[in-house]
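# Examination of the molecular architecture
Residue strings, one per chain:
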2 protein chains.
Amino acid sequence: MELSIRYRMEMPPRQRLSREAWAEAGLRALTAGGVAAVAVEPLAAALGTTKGSFYWHFSDREELVRAALELWELEQTSAVIDELSTLEEPRERLRVLLTLVLTHRDGPDPVAQLFRDIAHPEVAAAVRRVTSRRIDFVAGELESTGMPRAEARRRAAVAVAAYVGWWQLNAVLPEDAPVGRDARQHAKVLWLVCEAALT
Amino acid sequence: MELSIRYRMEMPPRQRLSREAWAEAGLRALTAGGVAAVAVEPLAAALGTTKGSFYWHFSDREELVRAALELWELEQTSAVIDELSTLEEPRERLRVLLTLVLTHRDGPDPVAQLFRDIAHPEVAAAVRRVTSRRIDFVAGELESTGMPRAEARRRAAVAVAAYVGWWQLNAVLPEDAPVGRDARQHAKVLWLVCEAALT
DNA sequence: TGCTTTCCGTACGGCGGCGTATGGAGCTGT
DNA sequence: ACAGCTCCATACGCCGCCGTACGGAAAGCA
């Protein structure tokens, strides 16, 4: 057994990590670099610890991926709920929502980021749950404005698709697909999908 | 030097591979599994050869990725041109195009597949070129129908975003985001983005 | 102060992929 | 038939990551 480097270097004893700390680090890596970035050894180095810590809290790498996805789903749903809790009117709150999601954001939507690893079964299941709930919500709002059920669901799907694709475009052509303040006019276009009558 | 397994097994002498064969195999892997799937040794195994062949035609793995992307851009542009060569009227051919891209396809659009590796600089550049040309085309068609330049570009961006996102959704929720014959009604919704007047 | 439980550090073996070195096969021309 | 050129097979060394084994530090408790 070699001497501890930390001891020889007189480094302060770092604090011990919880399972949650690992899960949060995994989520950060997941949304930043995809499933491939959820790697034990690089994460350990980033956290200033070693694999020994990780394998105490988790059985294997897949368990960390699952924990990160669960964390993401929790934050994701609560974030959406918070965003909508201030709105009340059925029709106008949908319109505001469409504007909000494009203009009042700093980073890319994690869902759009996760589509890159859609081949991973756990990721696919999580994305499926969150995305279908979004479509359900938009379709429900449209129905409550008097739109027929089937048409409402189709429009909701297109609107969510446009939203997802918007972040993809933003990553590669931010001039054509801006987010934030510059996206106000684009949000109006997106609103057409929900509001305009079919000819 | 060991004896050649092929000789011992009396296998027929396989034919020699060209650089183009490698590039096509790379493109297939790229659109199927992303940049990570463009791996020399697995591809060599799939082609029934070894790395020796690869490194004769290419200097390294990155060169294969570039070759696959170039091949894709060539096929992609010619495919689009072929799709449009049968149409002539400025406004109606845009409408037909929007329907076409959702209904007359069997596999997912490679562009949507490539968005997963948008962090890769070569991929980003290729996707940027193809995507901006698509937006240019749609925006040009809209302008030729009398729509103001800025509004045309915004709508084109939203339409292309919806198209890109559609394939993402299709991968995870094919019920809500169908392609082929079942997408006719959805194509009409997409058409709203181009045609409807802003309120 | 010792003892136990909790947590982490380190070394190790393994695997898969990259790129290199080198020795050929197999065709081509003379 | 022989030389030369094109193309491929095999063996290596390397690196990054996974998961395990095991020992030891820290923290709580007696």
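All of these numbers come straight from a predicted model, not from anything done at the bench.

## Describing the pattern of salt bridges
Residues and elements named next belong to chain A. The full count for this structure, using the stated rule, is 22 salt bridges over all chains. For Arg153, the salt bridge is made with Asp136, and the minimal N-O distance between the two is 3.0 Å. Highlighted residues: Arg153 in helix 9 (residues 149-172) and Asp136 in helix 8 (residues 121-143), separated in sequence by 17 residues. By relative accessible area, which is 29% here, Arg153 ends up partly exposed.

## Focus: the packing of aromatic side chains
Residues and elements named next belong to chain A. Applying the stated rule across the entire model yields eight aromatic pairs over all chains. Here the aromatic rings of Tyr163 and Trp167 are separated by 6.4 Å at their centres, their planes lie at 90 degrees, and the arrangement is edge-to-face. On the criterion of helical spacing, the pair formed by Tyr163 and Trp167 is a turn pair, its members being four residues apart in helix 9. Of the two residues, Tyr163 and Trp167, neither departs from the other in class, the shared state being buried. Here a set of aromatic residues connected by ring pairs shows up, and it is made of Trp22, Phe54, Tyr55 and Phe58.

## Digging into empty space enclosed by the protein
Residue and element names in this part refer to chain B. A complete count under the given rule lists one cavity of 30 Å³ or more for this structure. Of the residues forming the lining of the largest cavity, the biggest block, three residues, is contributed by helix 9 (residues 149-172). Looking at the lining of the largest cavity residue by residue, the class counts come to six nonpolar, one polar and no charged.

## Side note on the environment of Gly34(A)
Turning to its location among the elements, Gly34(A) is positioned in the loop between helix 2 (19-33) and helix 3 (40-47). Every residue in contact with Gly34(A), bar those within four places of it in the chain, is listed here: Ala29(A), Arg116(A) and Asp117(A).

## Remarks on the domain arrangement of chain A
Many structure descriptions define interface size as the accessible area lost when the parts assemble. All names here are of chain A. Structurally, chain A comprises domain 1 (15-68) and domain 2 (87-199). The C-alpha centroid of domain 2 is placed 31 Å from the C-alpha centroid of domain 1. Surface buried jointly by domain 1 and domain 2 totals about 630 Å² across both partners, of which 58% is contributed by carbon and sulfur atoms. When the buried area of domain 1 at its contact with domain 2 is split by residue, Thr31, Val35 and Arg66 rank highest and sum to 54% of it. The tally of links from domain 1 across to domain 2 stands at one salt bridge. Between Glu122 and Arg66 there is a salt bridge, with its nearest N and O atoms 3.6 Å apart. At the boundary of domain 1 with domain 2, the tally comes to three residue pairs in polar contact (both at pLDDT 80 or more). Looking at the side of domain 1 that touches domain 2, the elements that each hand over two or more residues are helix 2 and helix 5 (61-85). Sort the elements by how many residues they give to the side of domain 1 that touches domain 2 and helix 2 lands first, with four residues.

Reading the values: the criteria
Residues numbered from 1 in each chain as written. Chains lettered and ligands numbered in written order. Predicted model: local features only at pLDDT ≥ 70, side-chain atom pairs only at ≥ 80, totals over all residues. Heavy atoms only, no water. Salt bridge = Lys/Arg side-chain N within 4 Å of Asp/Glu carboxyl O. Helix = DSSP H or I, 4+ residues; strand = E, 2+ residues; numbered from the N terminus. Buried < 20%, exposed > 50% of the residue type's maximum accessible area, 1.4 Å probe, protein only. Phe/Tyr/Trp six-rings, centres within 6.5 Å; stacked < 30°, edge-to-face > 60°. 1 Å grid on protein atoms, 1.4 Å probe; cavity = no way out; pocket = protein on both sides within 12 Å on 5 of 7 lines; lining within 4 Å. Points joined across faces, edges and corners; volume = space filled by probe spheres on them. Nonpolar A, V, L, I, M, F, W, Y, C, P; charged D, E, K, R; others polar. Contact = heavy atoms within 4.5 Å. Domains from an automatic or database assignment. Buried area = accessible area lost by both parts, 1.4 Å probe. Polar contact = N/O pair within 3.5 Å; in protein donor to acceptor, adjacent residues only side chain to side chain.

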